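Tertiary structure, described
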Amino acid sequence: MPESPFTEIPRESLTRPRRPSEGKFLEAIAQSEPDRTYGMIGTSKPMRDVYDMVARVAPTTSTVLIQGETGTGKELIARAIHSTSRRGEHPFVTVDCSALAESLLESELFGHVKGAFTGAQTDKRGLIETAGGGTCFLDEIGEISGDLFYRLSVVTIVLPPLRERREDIPLLAGHFLQAFRDANEQAPSSIAPETLALLAGYDWPGNVRELQHAIERAAALTTHTVLLPVDLPPNVGGAPREAASAAGSALGLKDVVKDHIRRVLKVAGWNKKLAAELLGIHRRTLYRLTKRHGISLSRRD
Ligand SMILES: Nc1ncnc2c1ncn2[C@@H]1O[C@H](COP(=O)(O)OP(=O)(O)OP(=O)(O)O)[C@@H](O)[C@H]1O
Ligand SMILES: [Mg+2]
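Quick caveat: nothing in here was measured; it's all calculated off a predicted structure. (Residues numbered from 1 in each chain as written. Chains lettered and ligands numbered in written order. Predicted model: local features only at pLDDT ≥ 70, side-chain atom pairs only at ≥ 80, totals over all residues.)

Turning our eyes to something else, we now look at the overall build of the protein chain. Scanning the protein chain for helices and strands turns up 13 helices and 13 strands. Burial statistics for the protein chain: of 301 residues in total, 33% are counted as buried. Here the analysis covers contacts within the protein chain between residues at least 6 apart in sequence; of these, 77% occur between residues at least 24 apart. (Helix = DSSP H or I, 4+ residues; strand = E, 2+ residues; numbered from the N terminus. Buried ≥ 20, exposed ≤ 12 C-beta atoms within 10 Å, placed from the backbone. Contact = placed C-beta atoms within 7 Å.)

Listed below in C-alpha coordinates is the structure:
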(Lines give C-alpha, C1' and ligand atoms only; values in the text may rest on other atoms or scores of the structure.)
(Ligands and ions follow the chains in the order given, each with its own letter.)
Protein backbone atom coordinates (compact mmCIF):
# COMPACT_ATOMS: atom_id res chain seq x y z
CA MET A 1 0.00 0.00 0.00
CA PRO A 2 1.27 3.50 -0.75
CA GLU A 3 1.97 6.00 2.03
CA SER A 4 -0.75 8.31 0.81
CA PRO A 5 -4.01 8.15 2.74
CA PHE A 6 -5.75 7.62 -0.59
CA THR A 7 -5.43 4.55 -2.71
CA GLU A 8 -5.96 4.86 -6.39
CA ILE A 9 -8.02 1.92 -7.57
CA PRO A 10 -9.46 2.73 -10.95
CA ARG A 11 -13.06 1.87 -11.74
CA GLU A 12 -13.84 -0.71 -9.17
CA SER A 13 -16.74 -2.07 -7.29
CA LEU A 14 -17.24 -3.91 -4.07
CA THR A 15 -19.79 -6.40 -2.96
CA ARG A 16 -20.27 -6.90 0.70
CA PRO A 17 -22.10 -10.04 1.73
CA ARG A 18 -24.00 -9.95 4.97
CA ARG A 19 -24.75 -13.53 5.85
CA PRO A 20 -23.07 -16.91 5.75
CA SER A 21 -24.16 -18.94 2.79
CA GLU A 22 -23.38 -21.86 0.59
CA GLY A 23 -23.00 -21.18 -3.12
CA LYS A 24 -25.05 -23.09 -5.59
CA PHE A 25 -22.49 -22.03 -8.09
CA LEU A 26 -20.86 -25.36 -8.90
CA GLU A 27 -24.22 -27.07 -9.20
CA ALA A 28 -25.38 -24.33 -11.54
CA ILE A 29 -22.22 -24.58 -13.64
CA ALA A 30 -22.91 -28.28 -14.07
CA GLN A 31 -26.41 -27.49 -15.33
CA SER A 32 -25.44 -24.61 -17.59
CA GLU A 33 -24.17 -24.92 -21.12
CA PRO A 34 -20.43 -25.47 -21.17
CA ASP A 35 -19.63 -22.01 -22.58
CA ARG A 36 -21.99 -20.04 -20.34
CA THR A 37 -21.69 -19.19 -16.71
CA TYR A 38 -24.46 -17.15 -15.20
CA GLY A 39 -25.11 -15.22 -18.33
CA MET A 40 -21.41 -14.50 -18.58
CA ILE A 41 -19.99 -15.40 -21.95
CA GLY A 42 -16.35 -16.39 -22.17
CA THR A 43 -14.35 -19.59 -21.90
CA SER A 44 -10.84 -18.13 -21.91
CA LYS A 45 -8.45 -19.05 -19.13
CA PRO A 46 -8.65 -15.60 -17.47
CA MET A 47 -12.45 -15.85 -17.38
CA ARG A 48 -12.40 -19.43 -16.07
CA ASP A 49 -10.15 -18.17 -13.28
CA VAL A 50 -12.75 -15.48 -12.53
CA TYR A 51 -15.56 -18.08 -12.41
CA ASP A 52 -13.43 -20.17 -10.04
CA MET A 53 -13.00 -17.20 -7.74
CA VAL A 54 -16.73 -16.51 -7.79
CA ALA A 55 -17.45 -20.15 -6.95
CA ARG A 56 -15.05 -20.01 -4.04
CA VAL A 57 -16.14 -16.69 -2.61
CA ALA A 58 -19.93 -16.79 -3.11
CA PRO A 59 -20.54 -19.21 -0.22
CA THR A 60 -18.59 -17.01 2.20
CA THR A 61 -19.33 -13.77 4.01
CA SER A 62 -16.15 -12.13 2.75
CA THR A 63 -16.22 -8.72 1.18
CA VAL A 64 -15.15 -8.88 -2.45
CA LEU A 65 -13.34 -6.14 -4.33
CA ILE A 66 -14.02 -6.38 -8.06
CA GLN A 67 -11.53 -4.51 -10.21
CA GLY A 68 -11.39 -4.01 -13.94
CA GLU A 69 -11.58 -1.48 -16.74
CA THR A 70 -14.89 -0.03 -17.79
CA GLY A 71 -17.26 -2.49 -19.44
CA THR A 72 -15.44 -5.65 -18.32
CA GLY A 73 -18.48 -7.02 -16.47
CA LYS A 74 -17.91 -6.00 -12.85
CA GLU A 75 -21.60 -5.55 -12.18
CA LEU A 76 -22.42 -8.90 -13.80
CA ILE A 77 -19.89 -10.61 -11.53
CA ALA A 78 -21.30 -8.84 -8.47
CA ARG A 79 -24.76 -10.12 -9.40
CA ALA A 80 -23.40 -13.63 -10.06
CA ILE A 81 -21.85 -13.65 -6.59
CA HIS A 82 -25.10 -12.44 -5.06
CA SER A 83 -27.41 -14.81 -6.90
CA THR A 84 -25.30 -17.89 -6.21
CA SER A 85 -24.87 -17.09 -2.53
CA ARG A 86 -27.52 -17.94 0.04
CA ARG A 87 -28.25 -14.20 0.13
CA GLY A 88 -29.73 -14.57 -3.34
CA GLU A 89 -33.29 -14.28 -2.03
CA HIS A 90 -32.43 -11.08 -0.21
CA PRO A 91 -31.97 -7.63 -1.72
CA PHE A 92 -29.07 -6.60 -3.93
CA VAL A 93 -28.57 -2.96 -3.03
CA THR A 94 -26.46 -0.82 -5.32
CA VAL A 95 -24.81 2.27 -3.92
CA ASP A 96 -23.37 4.64 -6.50
CA CYS A 97 -20.43 5.91 -4.49
CA SER A 98 -19.52 8.53 -7.08
CA ALA A 99 -22.76 10.28 -6.09
CA LEU A 100 -21.75 10.43 -2.41
CA ALA A 101 -19.44 13.08 -1.01
CA GLU A 102 -16.09 11.46 -0.29
CA SER A 103 -16.00 12.81 3.25
CA LEU A 104 -19.37 11.24 3.99
CA LEU A 105 -18.78 7.90 2.29
CA GLU A 106 -17.57 6.06 5.36
CA SER A 107 -20.40 7.21 7.61
CA GLU A 108 -22.94 6.63 4.84
CA LEU A 109 -21.70 3.05 4.55
CA PHE A 110 -21.20 2.13 8.16
CA GLY A 111 -23.46 4.64 9.89
CA HIS A 112 -22.53 6.74 12.88
CA VAL A 113 -23.67 7.60 16.36
CA LYS A 114 -24.83 11.03 17.44
CA GLY A 115 -21.89 13.35 17.99
CA ALA A 116 -19.36 11.15 16.15
CA PHE A 117 -18.34 14.23 14.16
CA THR A 118 -19.47 17.80 13.72
CA GLY A 119 -22.90 17.69 12.17
CA ALA A 120 -23.75 14.17 13.34
CA GLN A 121 -26.84 15.21 15.22
CA THR A 122 -28.52 11.81 15.45
CA ASP A 123 -27.63 8.13 15.25
CA LYS A 124 -27.73 6.96 11.64
CA ARG A 125 -27.91 3.46 10.22
CA GLY A 126 -25.33 2.74 7.52
CA LEU A 127 -26.26 1.56 4.03
CA ILE A 128 -24.53 -1.76 4.64
CA GLU A 129 -26.78 -2.42 7.60
CA THR A 130 -29.77 -1.38 5.49
CA ALA A 131 -28.88 -4.08 2.97
CA GLY A 132 -28.84 -6.56 5.86
CA GLY A 133 -29.33 -10.11 4.73
CA GLY A 134 -28.61 -9.26 1.11
CA THR A 135 -25.65 -7.87 -0.78
CA CYS A 136 -24.48 -4.28 -0.70
CA PHE A 137 -22.89 -3.44 -4.06
CA LEU A 138 -20.70 -0.36 -3.74
CA ASP A 139 -20.32 0.74 -7.32
CA GLU A 140 -17.79 3.25 -8.66
CA ILE A 141 -15.82 3.51 -5.43
CA GLY A 142 -13.00 5.30 -7.27
CA GLU A 143 -10.49 6.69 -4.79
CA ILE A 144 -10.97 5.54 -1.24
CA SER A 145 -8.94 5.99 1.88
CA GLY A 146 -6.45 3.25 2.75
CA ASP A 147 -8.43 2.64 5.92
CA LEU A 148 -11.64 2.02 4.01
CA PHE A 149 -9.74 -0.10 1.50
CA TYR A 150 -8.55 -2.42 4.28
CA ARG A 151 -12.04 -2.63 5.74
CA LEU A 152 -13.61 -3.56 2.43
CA SER A 153 -11.21 -5.56 0.31
CA VAL A 154 -10.83 -9.05 1.68
CA VAL A 155 -10.95 -10.96 -1.58
CA THR A 156 -10.06 -9.28 -4.87
CA ILE A 157 -11.34 -10.40 -8.26
CA VAL A 158 -9.71 -8.72 -11.24
CA LEU A 159 -11.63 -8.80 -14.51
CA PRO A 160 -9.28 -8.98 -17.50
CA PRO A 161 -9.73 -6.46 -20.31
CA LEU A 162 -11.20 -7.95 -23.48
CA ARG A 163 -7.95 -7.47 -25.44
CA GLU A 164 -6.28 -9.95 -23.05
CA ARG A 165 -8.82 -12.67 -23.85
CA ARG A 166 -9.41 -12.25 -27.55
CA GLU A 167 -10.62 -15.81 -28.00
CA ASP A 168 -13.81 -14.79 -26.17
CA ILE A 169 -14.57 -12.13 -28.80
CA PRO A 170 -16.27 -14.44 -31.38
CA LEU A 171 -18.38 -16.03 -28.63
CA LEU A 172 -19.43 -12.64 -27.28
CA ALA A 173 -20.12 -11.24 -30.75
CA GLY A 174 -22.27 -14.28 -31.60
CA HIS A 175 -24.09 -13.95 -28.29
CA PHE A 176 -24.90 -10.28 -28.87
CA LEU A 177 -26.05 -10.96 -32.43
CA GLN A 178 -28.30 -13.75 -31.15
CA ALA A 179 -29.76 -11.39 -28.53
CA PHE A 180 -30.47 -8.88 -31.30
CA ARG A 181 -32.09 -11.61 -33.40
CA ASP A 182 -34.29 -12.62 -30.48
CA ALA A 183 -35.55 -9.07 -30.17
CA ASN A 184 -35.85 -8.11 -33.84
CA GLU A 185 -37.66 -9.72 -36.72
CA GLN A 186 -35.37 -8.39 -39.39
CA ALA A 187 -31.88 -9.26 -38.31
CA PRO A 188 -28.72 -10.54 -39.93
CA SER A 189 -28.14 -14.24 -39.46
CA SER A 190 -24.38 -14.43 -38.98
CA ILE A 191 -21.04 -12.65 -38.87
CA ALA A 192 -18.62 -13.00 -41.77
CA PRO A 193 -15.19 -14.46 -40.96
CA GLU A 194 -13.50 -11.24 -42.14
CA THR A 195 -15.68 -9.29 -39.73
CA LEU A 196 -14.80 -11.65 -36.88
CA ALA A 197 -11.12 -11.24 -37.71
CA LEU A 198 -11.47 -7.46 -37.40
CA LEU A 199 -13.41 -7.76 -34.16
CA ALA A 200 -10.74 -10.08 -32.77
CA GLY A 201 -7.95 -7.71 -33.79
CA TYR A 202 -9.36 -4.52 -32.29
CA ASP A 203 -8.29 -3.43 -28.80
CA TRP A 204 -11.74 -2.60 -27.30
CA PRO A 205 -10.90 0.15 -24.80
CA GLY A 206 -14.58 0.06 -23.76
CA ASN A 207 -14.34 -3.74 -23.45
CA VAL A 208 -17.46 -5.93 -23.60
CA ARG A 209 -19.84 -2.96 -23.53
CA GLU A 210 -18.13 -1.44 -26.59
CA LEU A 211 -18.30 -4.78 -28.43
CA GLN A 212 -21.97 -5.15 -27.54
CA HIS A 213 -22.74 -1.70 -28.92
CA ALA A 214 -20.71 -2.33 -32.08
CA ILE A 215 -22.66 -5.54 -32.82
CA GLU A 216 -26.02 -3.95 -32.07
CA ARG A 217 -25.22 -0.98 -34.25
CA ALA A 218 -24.00 -3.19 -37.10
CA ALA A 219 -27.05 -5.47 -36.83
CA ALA A 220 -29.42 -2.51 -36.80
CA LEU A 221 -27.87 -0.65 -39.72
CA THR A 222 -26.71 -3.39 -42.08
CA THR A 223 -28.51 -4.09 -45.30
CA HIS A 224 -26.90 -7.55 -45.58
CA THR A 225 -27.90 -10.89 -44.11
CA VAL A 226 -24.32 -11.41 -42.94
CA LEU A 227 -22.43 -8.76 -40.96
CA LEU A 228 -19.60 -7.49 -43.13
CA PRO A 229 -16.55 -5.39 -42.20
CA VAL A 230 -18.25 -2.38 -43.75
CA ASP A 231 -20.99 -2.66 -41.10
CA LEU A 232 -18.54 -2.12 -38.24
CA PRO A 233 -17.84 1.28 -36.69
CA PRO A 234 -15.07 3.01 -38.67
CA ASN A 235 -12.52 2.69 -35.86
CA VAL A 236 -13.04 -1.09 -35.73
CA GLY A 237 -13.58 -1.81 -39.43
CA GLY A 238 -10.26 -2.17 -41.21
CA ALA A 239 -11.40 -2.66 -44.76
CA PRO A 240 -8.61 -0.48 -46.16
CA ARG A 241 -6.04 -2.53 -44.26
CA GLU A 242 -7.23 -5.72 -45.97
CA ALA A 243 -7.20 -4.11 -49.38
CA ALA A 244 -3.73 -2.67 -48.90
CA SER A 245 -2.12 -5.93 -47.82
CA ALA A 246 -3.78 -7.91 -50.59
CA ALA A 247 -2.67 -5.43 -53.20
CA GLY A 248 0.78 -5.00 -51.68
CA SER A 249 1.84 -8.58 -52.05
CA ALA A 250 1.29 -10.98 -54.90
CA LEU A 251 0.54 -14.07 -52.83
CA GLY A 252 -0.25 -17.39 -54.40
CA LEU A 253 -3.64 -18.87 -53.71
CA LYS A 254 -2.11 -21.55 -51.47
CA ASP A 255 -0.54 -18.94 -49.20
CA VAL A 256 -3.78 -17.03 -49.00
CA VAL A 257 -5.68 -20.19 -48.08
CA LYS A 258 -3.10 -21.17 -45.48
CA ASP A 259 -3.04 -17.68 -44.04
CA HIS A 260 -6.79 -17.45 -43.90
CA ILE A 261 -7.27 -20.82 -42.19
CA ARG A 262 -4.68 -19.85 -39.58
CA ARG A 263 -6.39 -16.54 -38.97
CA VAL A 264 -9.81 -18.08 -38.59
CA LEU A 265 -8.46 -20.76 -36.24
CA LYS A 266 -7.01 -18.00 -34.10
CA VAL A 267 -10.23 -16.01 -34.20
CA ALA A 268 -12.11 -19.16 -33.16
CA GLY A 269 -9.76 -19.63 -30.22
CA TRP A 270 -8.51 -22.89 -31.77
CA ASN A 271 -11.98 -24.33 -31.47
CA LYS A 272 -12.02 -26.61 -34.53
CA LYS A 273 -15.79 -26.88 -34.69
CA LEU A 274 -16.23 -23.10 -34.60
CA ALA A 275 -13.42 -22.54 -37.11
CA ALA A 276 -14.98 -25.00 -39.56
CA GLU A 277 -18.33 -23.27 -39.13
CA LEU A 278 -16.81 -19.86 -39.77
CA LEU A 279 -15.06 -21.17 -42.86
CA GLY A 280 -18.26 -22.79 -44.06
CA ILE A 281 -16.62 -26.21 -44.43
CA HIS A 282 -16.99 -29.58 -42.76
CA ARG A 283 -14.75 -30.26 -39.79
CA ARG A 284 -13.10 -33.15 -41.66
CA THR A 285 -12.31 -30.79 -44.54
CA LEU A 286 -10.67 -28.44 -42.05
CA TYR A 287 -8.47 -31.28 -40.77
CA ARG A 288 -7.54 -32.24 -44.31
CA LEU A 289 -6.64 -28.66 -45.25
CA THR A 290 -4.59 -28.07 -42.11
CA LYS A 291 -2.66 -31.28 -42.76
CA ARG A 292 -2.05 -30.37 -46.39
CA HIS A 293 -0.87 -26.85 -45.54
CA GLY A 294 1.12 -27.87 -42.48
CA ILE A 295 -0.97 -25.76 -40.11
CA SER A 296 -0.73 -26.58 -36.43
CA LEU A 297 -4.11 -27.19 -34.84
CA SER A 298 -3.05 -26.21 -31.37
CA ARG A 299 -2.70 -22.80 -29.88
CA ARG A 300 0.69 -21.20 -30.34
CA ASP A 301 0.76 -18.24 -27.94
N1 LIG B 1 -18.71 -11.85 -19.98
C2 LIG B 1 -19.80 -11.19 -20.41
N3 LIG B 1 -20.77 -11.86 -21.06
C4 LIG B 1 -21.87 -11.22 -21.51
N5 LIG B 1 -22.10 -9.91 -21.35
C6 LIG B 1 -21.17 -9.20 -20.70
C7 LIG B 1 -19.97 -9.80 -20.19
N8 LIG B 1 -19.23 -8.84 -19.60
C9 LIG B 1 -19.93 -7.70 -19.73
N10 LIG B 1 -21.09 -7.89 -20.38
C11 LIG B 1 -22.09 -6.86 -20.73
O12 LIG B 1 -21.37 -5.66 -20.98
C13 LIG B 1 -22.01 -4.55 -20.38
C14 LIG B 1 -21.12 -3.91 -19.33
O15 LIG B 1 -20.99 -4.79 -18.20
P16 LIG B 1 -20.98 -4.21 -16.70
O17 LIG B 1 -21.98 -3.13 -16.54
O18 LIG B 1 -21.03 -5.37 -15.76
O19 LIG B 1 -19.50 -3.58 -16.72
P20 LIG B 1 -18.74 -2.75 -15.59
O21 LIG B 1 -17.40 -3.41 -15.45
O22 LIG B 1 -19.57 -2.62 -14.37
O23 LIG B 1 -18.53 -1.35 -16.32
P24 LIG B 1 -18.35 0.13 -15.68
O25 LIG B 1 -17.00 0.14 -15.02
O26 LIG B 1 -18.38 1.05 -16.86
O27 LIG B 1 -19.49 0.34 -14.72
C28 LIG B 1 -23.32 -5.07 -19.82
O29 LIG B 1 -24.33 -4.89 -20.78
C30 LIG B 1 -23.04 -6.54 -19.59
O31 LIG B 1 -24.22 -7.29 -19.66
MG1 LIG C 1 -20.41 -0.91 -13.45
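Now for the pairing of strand β9 (residues 135-139). Each regular strand displays side chains that alternate between the two surfaces of the sheet. Most of β9 sits out of view: five of its five residues are buried. Where strand β6 (residues 92-96) meets β9, five bridges bridge the pair, whose relative direction is parallel. Its bridge partner lying in β9, F92 is registered against T135. (Pairing = 2+ DSSP bridges.)

Scored by pLDDT, the protein chain comes out at a mean of 81, with 82% of its residues at no less than 70. Model confidence for the protein chain, summarised as mean pLDDT per element, is weakest for strand β1 (residues 6-8) at 41 and strongest for helix α9 (residues 207-221) at 96. Here residues 18-36 is modelled with pLDDT under 50, and outside its nearest four sequence neighbours on either side it reaches 33 contacts, counting other chains as well. (pLDDT = per-residue confidence, 0-100.)

Counting along an α-helix, one turn takes 3.6 residues, and residues three or four places apart therefore face a common direction. In this model, helix α7 (residues 168-183) (16 residues) spans 23 Å end to end at C-alpha, consistent with the 22 Å of a helix rising 1.5 Å per residue. What α7 keeps buried is the set D168, I169, P170, L171, L172, A173, H175, F176 and L177. (Expected span 1.5 Å × (residues − 1).)

Our focus in this paragraph is the site of ligand 1. With respect to spatial proximity, 15 residues lie near ligand 1, and among them T70, G73, K74, E75 and V208 are the closest. Contributing elements (two or more residues each) for the shell around ligand 1: β4 (40-41), α3 (74-84) and α9. In terms of residue class, the shell around ligand 1 is made up of four nonpolar, seven polar and four charged. The two domains that each donate at least three residues to the shell around ligand 1 are domain 1 (6-160) and domain 2 (163-292). (Near = placed C-beta within 6 Å. Nonpolar A, V, L, I, M, F, W, Y, C, P; charged D, E, K, R; others polar. Domains from an automatic or database assignment.)

The contact between helix α2 (residues 45-57) and α3 brings their axes to 9 Å, and the two run at 35°. The handedness of the crossing between α2 and α3 is right-handed. On the side of α2, the interface is formed by V50, V54 and V57, while α3 contributes I77, A80 and I81. Here the contact of α2 with α3 is built from residues that sort into six nonpolar, no polar and no charged. (Axes fitted to C-alpha atoms, helices over the stretch in contact; angles between N-to-C directions. Left-handed = near helix turned anticlockwise from the far one by under 90°.)

The next subject is the environment of S145. Position of S145 among the secondary structure elements: in strand β10 (residues 143-145). By C-beta crowding, S145 is classed as partly exposed, having 15 other C-beta atoms within 10 Å. Placed 39 residues apart in sequence, S145 and E106 show a C-alpha to C-alpha distance of 9.3 Å.

The backbone phi angle of E140 is positive, close to 55°, even though this residue is not glycine. Along the chain, the position of E140 falls in the loop between β9 and β10. Of note, N207 is a non-glycine position whose phi angle comes to about 55°, a positive value.

A173, L196, L211, I215 and A275 are the most contacted members of the largest nonpolar core, which has 32 residues in total. Looking at this core, the elements with two or more residues in it are α7, α8 (193-201), α9, α11 (253-267) and α12 (272-279). The contact partners of A275, leaving out residues within four places of it in the chain, are V264, L265, A268 and L286. V64, I77, L138 and L159 belong to the second largest nonpolar core, which has 26 residues in total. (Core = buried A, V, L, I, M, F, W, Y, C linked by C-beta atoms within 7 Å.)

Running from N to C, α11 and α12 cross one another at 125°; their axes reach a closest spacing of 8 Å. When the axis of α11 is compared with that of α12, the two are oblique. Crossing of α11 over α12 shows right-handed handedness. Contacts from V264, L265 and V267 of α11 reach α12 at A275, L278 and L279. When the residues that make up the contact of α11 with α12 are grouped by side-chain class, the tally is six nonpolar, no polar and no charged. (Parallel < 35°, antiparallel > 145°, perpendicular 65-115°, else oblique.)

Looking now at the environment of L221. Considering the arrangement of structural elements, one finds L221 in helix α9. Expressed as a C-alpha distance, the spacing of L221 and L232, which sit eleven residues apart in the sequence, is 9.6 Å.

Inspection of the secondary structure assignment puts K45 in helix α2. K45 sits 122 residues away from E167 along the chain, and the two C-alpha atoms are 9.7 Å apart.

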